[in-house]
Amino acid sequence: MKIMVVCGNGLGSSFIMELNVKKALKELGKTAEVDHTDLTSAKSEQADIFIGAADIMGQLDDGNRTIVNLENMMSIPEIKSKLEPHLV
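Presented here is an overview of the structure given in this document. (Residues numbered from 1 in each chain as written. Predicted model: local features only at pLDDT ≥ 70, side-chain atom pairs only at ≥ 80, totals over all residues. Heavy atoms only, no water.)

In this section: a nonpolar patch on the surface. Among the surface-exposed residues, F15, I16, L19 and M74 lie close enough to one another that they form a single nonpolar patch of about 340 Å² accessible area. Take F15: it is sitting in helix α1 (residues 12-28). (Patch = residues over 30% accessible without salt bridge, like charges linked within 9 Å, V, L, I, M, F, W, Y side chains within 5 Å. Areas by Shrake-Rupley, 256 points an atom, 1.4 Å probe, with all protein chains shown as cover. Salt bridge = Lys/Arg side-chain N within 4 Å of Asp/Glu carboxyl O. Helix = DSSP H or I, 4+ residues; strand = E, 2+ residues; numbered from the N terminus.)

Below is the structure:
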């Protein structure tokens, strides 16, 4: 399973979110490949789940992608609760 963390510029905030997603997965006892990118690049990326701030993720939602919207990208409990239903 591949999870793509997305932010506007693909720099600091998506890297921090990537670390938090990895912590959340570890706490859930799940494994996945996790990477981060900017919004423009994400449109051509392949991943099972795209996760990021709610204010930008709508731009990725084409009806075919699994999108996870975060209100607080630093909240590991929120990441866990929103990711868990999508994990196999």
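Alright, that's what it looks like, and here's the rest.
Glancing now at the sheet that holds strand β4 (residues 67-70). Across the sheet, four strands lie side by side as β2-β1-β3-β4; this open sheet has parallel pairing. With one partner strand each, in any of the chains shown, β2 (33-38) and β4 form the two edges of the open sheet. Taken over all neighbouring pairs, the strand axes of this sheet differ in orientation by 25 degrees on average, direction set aside. Pairing of strand β1 (residues 2-7) with strand β3 (residues 49-53) involves four bridges; the strand directions are parallel. Looking at the pairing, I3 lines up with I49 of β3. (Pairing = 2+ DSSP bridges. Axes fitted to C-alpha atoms, helices over the stretch in contact; angles between N-to-C directions.)

Let us look at the packing of α1 against helix α4 (residues 76-83). One can describe the packing of α1 onto α4 by two numbers: an axis separation of 9 Å at closest approach and a directional angle of 65 degrees. In the crossing of α1 with α4, the sense of the turn from one axis to the other is right-handed. Contact residues: N20, V21, K23, A24, L25, E27 and L28 in α1; I76, I79, K80 and L83 in α4. In terms of residue class, the contact of α1 with α4 is built from seven nonpolar, one polar and three charged. (Left-handed = near helix turned anticlockwise from the far one by under 90°. Contact = heavy atoms within 4.5 Å. Nonpolar A, V, L, I, M, F, W, Y, C, P; charged D, E, K, R; others polar.)

The complete set of buried residues in α4 reads I76, E78, I79 and L83. Seen from one end, α4 has its buried residues packed into an arc of 160 degrees, which puts them on one side. The inward-facing, buried residues of α4 contact β1, α1, β3 and β4. Where α4 starts, the residue carrying a side-chain oxygen 3.1 Å from the main-chain nitrogen of E78 turns out to be S75. (Buried < 20%, exposed > 50% of the residue type's maximum accessible area, 1.4 Å probe, protein only. Arc of directions from axis to C-beta. Polar contact = N/O pair within 3.5 Å; in protein donor to acceptor, adjacent residues only side chain to side chain.)

Take the packing of aromatic side chains next. Across all of its chains, the model carries zero aromatic pairs by this definition. Over the face of the ring belonging to F50 we find R65, whose NZ or CZ atom lies 5.4 Å from the ring centre. (Phe/Tyr/Trp six-rings, centres within 6.5 Å; stacked < 30°, edge-to-face > 60°. Lys NZ or Arg CZ within 6 Å of the ring centre and 35° of its normal.)

This brings us to the environment of T66. Mapping T66 onto the fold places it in the loop between α3 (54-57) and β4. In the structure, T66 is positioned 19 residues away from A47 in sequence and 8.6 Å away in space, judged by C-alpha atoms. The contact partners of T66, leaving out residues within four places of it in the chain, are D48, I49, F50 and H86.

Everything listed here is a matter of geometry and, on its own, says nothing about what the molecule does.
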